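# Structural overview for review
Okay, here's what each chain looks like letter by letter:
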Amino acid sequence: MHSLSRRQLLLAGGVLAAGSLLGRQAQAAEPLRVWRYKGTAASFMADAGQADTPYPVEWVDVSGGNLVLEALSSGHLDYAFMSEIPPIFASIAKVPIALVALYQGDQNDTSLVVKKASGIRTVQDLKGKTISYVRATNTHYFVLNMLAQNGLSLADVKAVPLPMQDALTAFRNGHVDAIATGGISALQATSQMDGELLADVSRYYSGNYVIATTKQVLADPQRRSQVGDFLRREQATWAWVNAHPERWAERSEALTGIDRALYLRQFQQRSRPGRLLGFDAAAISSQQQVADLFYQNHLISQSVDATPLWRDDFNPILNS
């Protein structure tokens, strides 16, 4: 029989205690309110066998962005998957946000798709061209970073911020020369809209996403236990996705109506599997670079220190 280290015993004791707390309070527990958006782990938890939680879950279906931050701030949302960028705005707005986990996705997920006949072959060729991105998102950061690293700025291009579906329509109809996008949208643009990827620009993108909750949630032992349990379920769900690409693609097609073959291509072209884990100094540094670039471009009114946004409460269980 293998002996257990003191750390393993403590960790096991903590997990058992959390499970006991969840079990005792399941009947009277308030629901854990989780933001649900197509393509996030919530879409695949049932397939992964992770949906049977010992506490009620209330799905919050809002479009994202400011609405998610408002729901967190008002106490109507407890758990949300988001990019590195919304917490920067939350910090300025004094939303008591707490980032508790890191999702490392495909570093090639966002790139620049250009029209094949546009004459754009390098970043320098973008000068004077029309570029679309989604304002205050990771595509916005990607465009800023790509231009800045090549001696350009938004003033050197014709910037057209649009929601992604509107941007794809504009690209299809030839109203924009380039579109910052990734994942399934990039595959649609390249396979169905006469687009091609601009070479060697994905490196200007950060593939990091975060799990956000609030300081009030973490201060409540019951809710804190729920968050910890849900994090492990989300972690297991992403592991299931990595192991079952066909079923993931089938479910994704059912959710969006986009051909599963495109999803399988997206899966096969990933630079790395998506995974949920505890954060480290590199994750904070990545977010700090985003905040600094936004401040330098006058997109936020003050500089932001990213470090206080993070809480390591769940690092031990996510990295075990």
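Residues numbered from 1 in each chain as written. Predicted model: local features only at pLDDT ≥ 70, side-chain atom pairs only at ≥ 80, totals over all residues. Heavy atoms only, no water.

For the protein, an unreviewed UniProt entry supplies the name ABC transporter substrate-binding protein and the organism Pseudomonas kairouanensis.

## Some remarks on the sheet that holds strand S11 (residues 275–277)
Read from one edge to the other, the open sheet built from four strands follows the order S3-S10-S4-S11, with strand pairing classed as antiparallel. Strands at the two margins of the open sheet, each flanked by one partner only, are strand S3 (80–83) and S11. Geometrically, the sheet is characterised by an average inter-axis angle of 35° between neighbouring strands, direction not taken into account. (Pairing = 2+ DSSP bridges. Helix = DSSP H or I, 4+ residues; strand = E, 2+ residues; numbered from the N terminus. Axes fitted to C-alpha atoms, helices over the stretch in contact; angles between N-to-C directions.)

## So, the pattern of salt bridges
Applying the stated criterion to the full structure yields 11 salt bridges. A salt bridge links Asp200 to Arg203; the shortest N-O distance between them is 3.2 Å. Relative accessible area serves as the criterion here: at 55%, Arg203 is assigned to the exposed category. The network of salt bridges with common partners includes Glu30, Arg33, Asp78 and Arg223. (Salt bridge = Lys/Arg side-chain N within 4 Å of Asp/Glu carboxyl O. Buried < 20%, exposed > 50% of the residue type's maximum accessible area, 1.4 Å probe, protein only.)

## Comments concerning helix H2 (residues 66–74)
Because the α-helix completes a turn every 3.6 residues, residues three or four places apart line up on one side. Taken together, the buried positions of H2 are occupied by Val68, Leu69, Ala71 and Leu72. Along the long axis of H2, the arc covered by the buried residues comes to 160°, so they all point the same way. Those residues of H2 that are exposed and angled more than 90 degrees off the buried face are Asn66 and Glu70. Against strand S1 (32–35), S3, helix H3 (86–92), strand S4 (97–104) and strand S10 (208–214) lie the buried residues of H2. In the stretch just after H2, Gly75 is the one whose phi turns positive, near 80°. (Arc of directions from axis to C-beta. Contact = heavy atoms within 4.5 Å.)

## Overview of the environment of Leu309
With respect to the helices, strands and loops of the structure, Leu309 is situated in the loop between helix H11 (281–296) and helix H12 (315–318). For Leu309, a relative accessible area of 6% corresponds to the buried category. Taking C-alpha positions, Leu309 is 14 Å from Ala80, a pair spaced 229 residues apart along the chain.

## Details of the environment of Val123
Tracing the backbone shows Val123 in the loop between strand S5 (110–115) and strand S6 (130–133). Using a relative accessible area of 8% as the deciding quantity, one classes Val123 as buried. Sequence spacing of Val123 and Gly151 is 28 residues, and the spatial spacing of their C-alpha atoms is 9.6 Å.

## Notes on the sheet that holds strand S7 (residues 158–161)
Ordered by their spatial adjacency, five strands build an open sheet running S7-S6-S8-S5-S9, and the pairing between neighbours is mixed. For this open sheet the edge positions go to S7 and strand S9 (195–197), each flanked by a neighbour on one side alone. Taken over all neighbouring pairs, the strand axes of this sheet differ in orientation by 30° on average, direction set aside. Examined bridge by bridge, S5 and strand S8 (residues 178–182) share five bridges and lie antiparallel to one another. Looking across to S8, one finds that Thr110 is bridged to Gly182.

## Some words on the packing of aromatic side chains
Here the structure, examined in full by the defined rule, presents 12 aromatic pairs. On the numbers, 4.7 Å between centres and 45° between planes, the contact of Phe279 with Trp310 is tilted. Taken as a pair, Phe279 in the loop between S11 and H11 and Trp310 in the loop between H11 and H12 lie far apart in primary sequence, 31 residues in all. Residues Phe279 and Trp310 agree in their burial class; the two are buried. Chaining the aromatic ring pairs together yields one cluster made of Phe81, Tyr103, Tyr209 and Trp238. A cation sits over an aromatic face here: Lys115 above Phe171, 4.5 Å from the ring centre. The residue whose ring lies beneath Arg270 is Phe267, and the NZ or CZ to ring-centre distance is 3.7 Å. (Phe/Tyr/Trp six-rings, centres within 6.5 Å; stacked < 30°, edge-to-face > 60°. Lys NZ or Arg CZ within 6 Å of the ring centre and 35° of its normal.)

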